[in-house]
Every structure is written in structure tokens, then in C-alpha cells.
Amino acid sequence: QVQLVESGGGLVQAGGSLRLSCAGSGIIFSVNTVGWYRQAPGQQRELVALITSTESPNYADSVKGRFTISRDNAKNTVDLQMNSLKPEDTGVYYCYAKRRTTSLVSWGQGTQVTVSS
């Protein structure tokens, strides 16, 4: 059974930084696609950043140049470094993992990020 546990959310002022981390069990991050989605109140869940098994990152246009996704294969974690945060970055951030062989998707429980203006 896949379990994804996020940490690192919180409240920050605009222009500040936060680092999110997701620890996985039941799935090996290095050979699958993992990453982050977010959901603002009243909005649909949207892609923030993904990293594939070949370490090719993909970012939403709204976060390019500000957010960096990285994976630690030894720890089986995926982190999201968020800089120059904006109020529109506010939302619940979810860790995501998609198993390459079955396309089965798993989600973490989510962590709240709030950026004040």
C-alpha cells in the first residue's frame, strides 16, 4: 500500500519561501513519476511540478523560475522549494505519485500553504 506524507506547509508573507517535503512508502520514487499538485478554495486541483524517473522536471507556468522540485532517492522523498511566494500560491498542496507500470495514482493527505499579502 502506498503512503505519502507531506510536511513543511505554513503561513508566510508574500516574497517569502517555504520548503515542502513528501516521504513515500510502498513505492519507489526513483522509478516512477512524483510531484506536487495544489488546490485553492473553490478551485480545481492543479499541477504544480512533477519529476519523472529520468529526472526531467515539469512545472506549471505560474511557478516557473520560483519553485524547484527535487528528489532524494536514498530517502525516497520529493521536495518542493518555493521562493518568491505570492498570495495566489495559497492552497492545499498534495504530494502525488504515479506508478509507471500500472498508472495507479496515489495522493498524500495535503498540507496547507498560506501566503499573506
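Worth saying up front: this structure is predicted, and the values here are computed from it rather than measured. (Residues numbered from 1 in each chain as written. Predicted model: local features only at pLDDT ≥ 70, side-chain atom pairs only at ≥ 80, totals over all residues. Heavy atoms only, no water.)

Trainee: Whenever I open this one, the packing of aromatic side chains confuses me. Can you help?
Mentor: To describe a pair of aromatic rings, you give the distance between the ring centres and the angle between the ring planes. Inspection of every chain in the model, using the stated rule, returns 4 aromatic pairs. Measuring from centroid to centroid gives 6.5 Å for Tyr94 and Trp107, while their planes differ by 85°, and the two rings are edge-to-face. Residue Tyr94 is located in strand 9 (residues 91-98), and its partner Trp107 is located in strand 10 (residues 105-107); the two are separated by 13 residues in the primary sequence. Note on Tyr94: relative accessible area 13%, which makes it buried. In this structure Trp107 comes out as partly exposed when scored by relative accessible area, which is 36%. On the basis of an interplanar angle of 65° and a centroid distance of 5.2 Å, the ring pair of Tyr96 and Trp107 is categorised as edge-to-face. Of this pair, Tyr96 sits in strand 9 while Trp107 sits in strand 10, and the two are 11 residues apart along the sequence. Put simply, the rings of Tyr37, Tyr94, Tyr96 and Trp107 pair up and form one aromatic cluster. Positioned over the ring face of Tyr94 is Arg45, at 3.7 Å from the centre of the ring. The positively charged end of Arg45 is found above the aromatic ring belonging to Trp107, 4.5 Å away from the centroid. (Phe/Tyr/Trp six-rings, centres within 6.5 Å; stacked < 30°, edge-to-face > 60°. Helix = DSSP H or I, 4+ residues; strand = E, 2+ residues; numbered from the N terminus. Buried < 20%, exposed > 50% of the residue type's maximum accessible area, 1.4 Å probe, protein only. Lys NZ or Arg CZ within 6 Å of the ring centre and 35° of its normal.)

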